[in-house]
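# Geometric and topological summary
Okay, here's what each chain looks like letter by letter:
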Amino acid sequence: MAFPATYNFNYYKGDTYQFVVRPKNSDGSSFDLSSFTTANFTIATARGSGATQYSAQAQIDDINDLVTCTISATVGASIPAGSSYVYDVQIKTASNITYTLLTGTITITDQVTGA
């Protein structure tokens, strides 16, 4: 396993944006997510404490091989446009073992309709 991977993307403010994280073991097989009870997708103004954070949605699927991450239109509308943000996608077990699967930057573009 080689976590975290990096994925940088652009987001159009106020839209729903969804992507899938499919973690793999070093041999290329699916990483078993069955012992993980929680997934988090957090967007922030900077890394570290003191940054403003926005909680998006992350959900482990029933087959336990992928995590679906979603920025809802409501959450997206609350994030100021014109800046670059950082994010992490993490999974946790009930005993608080934590892995960061994915990290990167998000650039947010303001919308035209409804602005």
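Residues numbered from 1 in each chain as written. Predicted model: local features only at pLDDT ≥ 70, side-chain atom pairs only at ≥ 80, totals over all residues. Heavy atoms only, no water.

## Some details on the packing of aromatic side chains
- The tally for this structure, following the rule as stated, stands at 16 aromatic pairs.
- With a centroid separation of 5.3 Å and 25° between ring planes, the pair formed by Tyr7 and Phe9 is classed as stacked.
- When its relative accessible area of 34% is taken as the criterion, Tyr7 is described as partly exposed.
- Summarising the aromatic geometry, the rings of Phe19 and Phe41 are spaced 5.4 Å apart at their centres and angled 80° between planes, so their arrangement reads as edge-to-face. You can see Phe19 sitting in strand β3 (residues 17–21) and its partner Phe41 sitting in strand β4 (residues 36–44), a full 22 residues away along the chain. For the pair Phe19 and Phe41, a shared accessibility class is recorded, and that class is buried.
- Aromatic rings pair up to connect Tyr7, Phe9, Tyr11, Tyr17, Phe19, Phe41 and Tyr87 into one cluster. (Phe/Tyr/Trp six-rings, centres within 6.5 Å; stacked < 30°, edge-to-face > 60°. Buried < 20%, exposed > 50% of the residue type's maximum accessible area, 1.4 Å probe, protein only. Helix = DSSP H or I, 4+ residues; strand = E, 2+ residues; numbered from the N terminus.)

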